[in-house]
Amino acid sequence: MIPLNNRKILILFILAGVVIAMYDAILHSLFSVVHIAFEWFELALEELIEHIFHTNRQQSQIIVFYLIWLIALYGFYRLWRALPGFYSRFKERFIAARSQYKLYLIDYWREQSSIQKIKWVASFTVSVSCLAFFAFN
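Residues numbered from 1 in each chain as written. Predicted model: local features only at pLDDT ≥ 70, side-chain atom pairs only at ≥ 80, totals over all residues. Heavy atoms only, no water.

Trainee: Pulling in residues and values, what's your account of the overall build of the protein chain?
Mentor: Within the protein chain, the regular secondary structure consists of four helices and zero strands. A compact globule built from 137 residues should have a C-alpha radius of gyration of about 14 Å, whereas the protein chain, at 28 Å, is more than 25% larger. Expressed as lengths along the three principal axes of its C-alpha atoms, the size of the protein chain is roughly 85 × 50 × 40 Å. When each of the 137 residues of the protein chain is scored for burial, the buried share is 7%. As displayed, the protein chain offers around 12700 Å² of accessible surface, 72% of which is attributable to carbon and sulfur atoms. For the protein chain, the separation between the mean place of its 13 positive charges and that of its 9 negative charges on side chains is 21 Å. (Helix = DSSP H or I, 4+ residues; strand = E, 2+ residues; numbered from the N terminus. Rg over C-alpha atoms; globule rule 2.2 N^0.38 Å. Buried < 20%, exposed > 50% of the residue type's maximum accessible area, 1.4 Å probe, protein only. Areas by Shrake-Rupley, 256 points an atom, 1.4 Å probe, with all protein chains shown as cover. Lys, Arg positive; Asp, Glu negative; His and termini not counted. Charge placed at Lys NZ, Arg CZ, Asp CG, Glu CD.)

Trainee: Please provide a residue-by-residue account of a nonpolar patch on the surface, values included.
Mentor: Where nonpolar side chains cluster on the molecular surface, the patch consists of Ile62, Phe65, Tyr66, Trp69, Leu73, Phe76, Leu79, Trp80, Leu83 and Phe86 and spans about 1200 Å² of accessible area. Positionally, Phe65 belongs in helix 3 (residues 57-111). Its relative accessible area of 45% is what places Phe65 among the partly exposed residues. (Patch = residues over 30% accessible without salt bridge, like charges linked within 9 Å, V, L, I, M, F, W, Y side chains within 5 Å. Salt bridge = Lys/Arg side-chain N within 4 Å of Asp/Glu carboxyl O.)

Trainee: An account of the side chain of Ser60 is requested, with residue identities and associated values reported.
Mentor: Counting through the fold element by element, Ser60 comes out in helix 3. Look at Ser60 and you get buried, because its relative accessible area is 0%. Polar contacts involving the side chain of Ser60 include one to the main-chain carbonyl oxygen of Arg57, which spans 2.9 Å. (Polar contact = N/O pair within 3.5 Å; in protein donor to acceptor, adjacent residues only side chain to side chain.)

Trainee: Tell me about the pattern of salt bridges, and name the residues and values.
Mentor: Scanning the entire structure with this criterion turns up three salt bridges. Between Arg57 and Glu46 there is a salt bridge, and its shortest N-O distance comes to 3.6 Å. Note that Arg57 is positioned in helix 3 and Glu46 in helix 2 (residues 23-53), a separation of 11 residues in sequence. What makes Arg57 partly exposed here is its relative accessible area of 37%.

Trainee: Give me the side chain of Thr55: which residues, what numbers.
Mentor: With respect to the helices and strands, the residue Thr55 is situated in the loop between helix 2 and helix 3. Judged by its relative accessible area of 19%, Thr55 is buried. In this view, Thr55 contacts Ile49, Glu50 and Ser60; residues no more than four positions away in its chain are not counted. (Contact = heavy atoms within 4.5 Å.)

Trainee: Lay out unusual backbone geometry with the relevant residues and their values.
Mentor: If you check the backbone angles, His54 has positive phi at about 55 degrees while not being a glycine. Summarising the element assignment, His54 is placed in the loop between helix 2 and helix 3.

Trainee: Kindly report on the packing of helix 2 against helix 3, identifying the contributing residues and their values.
Mentor: Look at helix 2 against helix 3: their axes get within 9 Å of each other, and the N-to-C directions meet at 125 degrees. Considering their axes alone, helix 2 and helix 3 lie oblique with respect to each other. Crossing angle aside, the handedness with which helix 2 passes helix 3 is right-handed. Contacts between helix 2 and helix 3 involve Phe38, Glu42, Leu43, Leu45, Glu46, Glu47, Ile49 and Glu50 on the former and, on the latter, Arg57, Ser60, Gln61, Ile63, Val64, Leu67 and Ile68. Of the residues assigned to the contact of helix 2 with helix 3, the class counts are eight nonpolar, two polar and five charged. (Axes fitted to C-alpha atoms, helices over the stretch in contact; angles between N-to-C directions. Parallel < 35°, antiparallel > 145°, perpendicular 65-115°, else oblique. Left-handed = near helix turned anticlockwise from the far one by under 90°. Nonpolar A, V, L, I, M, F, W, Y, C, P; charged D, E, K, R; others polar.)

Trainee: Give me the lowdown on helix 3, citing residues and values where you can.
Mentor: Here helix 3 contains 55 residues, and its C-alpha end-to-end distance of 75 Å stays within 8% of the 81 Å for a straight helix at 1.5 Å per residue. Of all the bends in helix 3, the greatest reaches close to 35 degrees and is centred on Ala82; the proline Pro84 follows between one and four positions later. For helix 3, every residue scored as buried is listed here: Ser60, Val64 and Ile68. In this structure, the buried side of helix 3 is in contact with helix 2. (Expected span 1.5 Å × (residues − 1). Bend = angle between axes of the 7 residues up to and from the residue.)

It is worth stressing that arrangement in space is one thing and function is another; only the former is reported here.
Here you go:
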């Protein structure tokens, strides 16, 4: 019997494999569901406007069109107002993560012996040389 922790990991790997293998079908299905839901919302709004204001089909479609534009523009306005805050929080987190990673690398480099440092530098030099050779040749 597979232990419970390993079973959860195995199930996650299987689900990740299915998602990776079928991302295009899943994404297409998701967009189809969102599109159908939007059409239902639009139709319900048209019917509601027709019923409340006693308009014909064309008038209600025009009203819904401009109403949806108004909702979208308001959403973009709210996003525009929220982006500076998101940016500053992202920047702070990025700087904190970068400094933490930099300290980790400095500590790792200090722990290495001189021979290990020479091996690292030689490996890096050979890797960059091969990359440059294959990329520009």
